[in-house]
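Okay, here's what each chain looks like letter by letter:
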Amino acid sequence: MTRTRAIVLRTVKYGDSGLVVDMLTEKQGRVSFIVKVPKSPKGKLRKQFFMPLSLVEVDFDFRMKSGLQHLRDVRLSQPLPSLAMDPFKLSIGLFLAEFLCHATRDEQDNGPLFNFVAFSMEWLDKVEGNFSNFHLVFMIRLSRFIGFFPNTEDAREGAFFDLINSCFTVTVPSHSHFLVPEEAGKIALLMRLSYKTMHLCAMSRVERNRCTEVILEYYRLHVPGFPQLKSFDVLKELFA
């Protein structure tokens, strides 16, 4: 039996009382589960455990040849109340759940990646005040754990950012996937920010949405099959 912490990414209804639940687990990476949710409220597998970004602990028998694993038990590992109640945090959370579902699709055992995501969700749940840049810092920092964090060695005023080769350059790249110096400077600044310092970077809604578009394009160039995210339309309307 495998017992591991996990983060719920996506839940899809399956039949009358079933769910297919995609999770990022600490020990096995990405795992998809088939779950039968009992109609009785006293059942172990309660539907509220499978809300996007829930931090849970699961027990299951891992079968290598099976595409869908069967859960034996699930428990809430860390409650995230404000992530479910605060409308701004909820919208960011739903966006990041969809983002993670595609960005980590092929991830196997990657403890540092799991710990980063879990820590980030706990941080967002607890934070008060300005967190409007959270998703930007999160997405950029996640790329380090997946393997294509940008090389900032040549980041300087007037440099372009090559989205394909993940580096800054003083010459114009030979392809069309690059940022001009003004936009490259904003991305370079975001790379230096942490959750504690991100409030120091003041952006308008238009600037923030443009940065989000750029980072999503960056992921589409480096993660095969990474799609347009439906939840981005809701995120665009957040914050002034």
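Scroll up to find the structure this text is about.
As a starting point, this report considers the structure included with it. No experiment lies behind these values; they were computed from the predicted model shown.

What counts and what doesn't
Residues numbered from 1 in each chain as written. Predicted model: local features only at pLDDT ≥ 70, side-chain atom pairs only at ≥ 80, totals over all residues. Heavy atoms only, no water. Helix = DSSP H or I, 4+ residues; strand = E, 2+ residues; numbered from the N terminus. Buried < 20%, exposed > 50% of the residue type's maximum accessible area, 1.4 Å probe, protein only. Contact = heavy atoms within 4.5 Å. Expected span 1.5 Å × (residues − 1). Axes fitted to C-alpha atoms, helices over the stretch in contact; angles between N-to-C directions. Parallel < 35°, antiparallel > 145°, perpendicular 65-115°, else oblique. Left-handed = near helix turned anticlockwise from the far one by under 90°. Nonpolar A, V, L, I, M, F, W, Y, C, P; charged D, E, K, R; others polar. Core = buried A, V, L, I, M, F, W, Y, C linked by side-chain atoms within 4.5 Å. Pairing = 2+ DSSP bridges. Phe/Tyr/Trp six-rings, centres within 6.5 Å; stacked < 30°, edge-to-face > 60°. Lys NZ or Arg CZ within 6 Å of the ring centre and 35° of its normal. Salt bridge = Lys/Arg side-chain N within 4 Å of Asp/Glu carboxyl O.

1. Looking at the environment of L238
Position of L238 among the secondary structure elements: in the segment after α7 (232-235). Of the residues examined, L238 reaches a relative accessible area of 11% and is grouped as buried. When the C-alpha atoms of L238 and K89 are compared, they prove to be 9.9 Å apart, with 149 residues separating the residues in sequence. Each residue touching L238, except ones within four places of it in the same chain, is listed here: F88, S91, I92 and R205.

2. Regarding helix α4 (residues 134-146)
With 13 residues, α4 should cover 18 Å at 1.5 Å per step; its first-to-last C-alpha distance of 19 Å lies within 8% of that length. In terms of burial, α4 is largely enclosed, as ten of its 13 residues are buried. Where α4 is concerned, the buried positions are F134, H135, L136, V137, F138, M139, I140, L142, S143 and I146. Turning to α4, the residues buried within the fold contact α2 (87-103), α3 (111-126), α5 (181-192), α6 (205-222) and α7.

3. Some details on the packing of α2 against α6
For the pair α2 and α6, the least separation of the axes is 11 Å and the interaxial angle reads 20°. Comparing their axes, α6 and α2 come out roughly parallel. Crossing of α2 over α6 shows left-handed handedness. Facing α2, whose interface residues are F95, F99 and A103, α6 presents T212, L216 and Y219. Among the residues making up the contact of α2 with α6, the classes are represented as five nonpolar, one polar and no charged.

4. Focus on the nonpolar core
Nonpolar side chains in soluble globular proteins tend to be buried together. With 62 residues, the main nonpolar core has F99, V117, F134, F138, M139, L142 and Y219 as its most contacted residues. Residue assignment for this core shows that the elements contributing at least two residues are β1 (2-14), α2, α3, α4, α5, α6 and α7. Counting 16 residues, the second largest nonpolar core, distinct from the first, contains A6, L19, V21 and V58.

5. Section: the sheet that holds strand β8 (residues 178-179)
An order of β7-β6-β8 is seen for the three strands of this open sheet, with the pairing classed as antiparallel. Both edges of this open sheet fall to β7 (167-169) and β8, since each of them pairs with a single strand only. As paired strands, strand β6 (residues 160-162) and β8 are joined by two bridges and run antiparallel to one another. The partner of F161 across the bridge, within β8, is L179.

6. Focus on the pairing of strand β5 (residues 69-78)
Each regular strand carries side chains that alternate between the two faces of the sheet. Note: strand β3 (residues 29-36) against β5, two bridges, orientation parallel. Among the inter-strand pairings, F33 is bridged to a residue of β5, identified as Q69. Here strand β4 (residues 55-60) runs beside β5; their pairing, made up of six bridges, is antiparallel. Within β5, the residue paired with E57 across the bridge is R75.

7. Focus: the packing of aromatic side chains
Describing an aromatic ring pair means giving the distance of the ring centres and the angle of the ring planes. Throughout the structure, instances matching the rule amount to 20 aromatic pairs. Summarising the aromatic geometry, the rings of F116 and F138 are spaced 5.3 Å apart at their centres and angled 20° between planes, so their arrangement reads as stacked. With F116 in helix α3 and F138 in helix α4, this residue pair connects regions lying 22 residues apart in the sequence. By the burial criterion, F116 is buried, and F138 matches it. When the centroid spacing of 6.4 Å and the interplanar angle of 90° are considered together, the rings of Y218 and Y219 count as edge-to-face. Note that K89 overlies the ring of F131, its terminal NZ or CZ placed 5.5 Å from the centroid.

8. Here's the deal with the pattern of salt bridges
One pass over the structure, following the stated rule, counts eleven salt bridges. Close ionic contact of D22 with R10 constitutes a salt bridge, the shortest N to O distance being 2.8 Å. Separated by twelve residues along the polypeptide, D22 in strand β2 (residues 18-25) and R10 in strand β1 bring together distant segments of the chain. Residue class for R10 comes out partly exposed when judged on its relative accessible area of 37%. K236 serves as the salt-bridge partner of D233, at 3.8 Å between the closest nitrogen and oxygen. Using a relative accessible area of 26% as the deciding quantity, one classes K236 as partly exposed. Through salt bridges with shared partners, a single network forms among R3, E57, D59, D73 and R75.

Just geometry here; none of it tells us what the structure is for.
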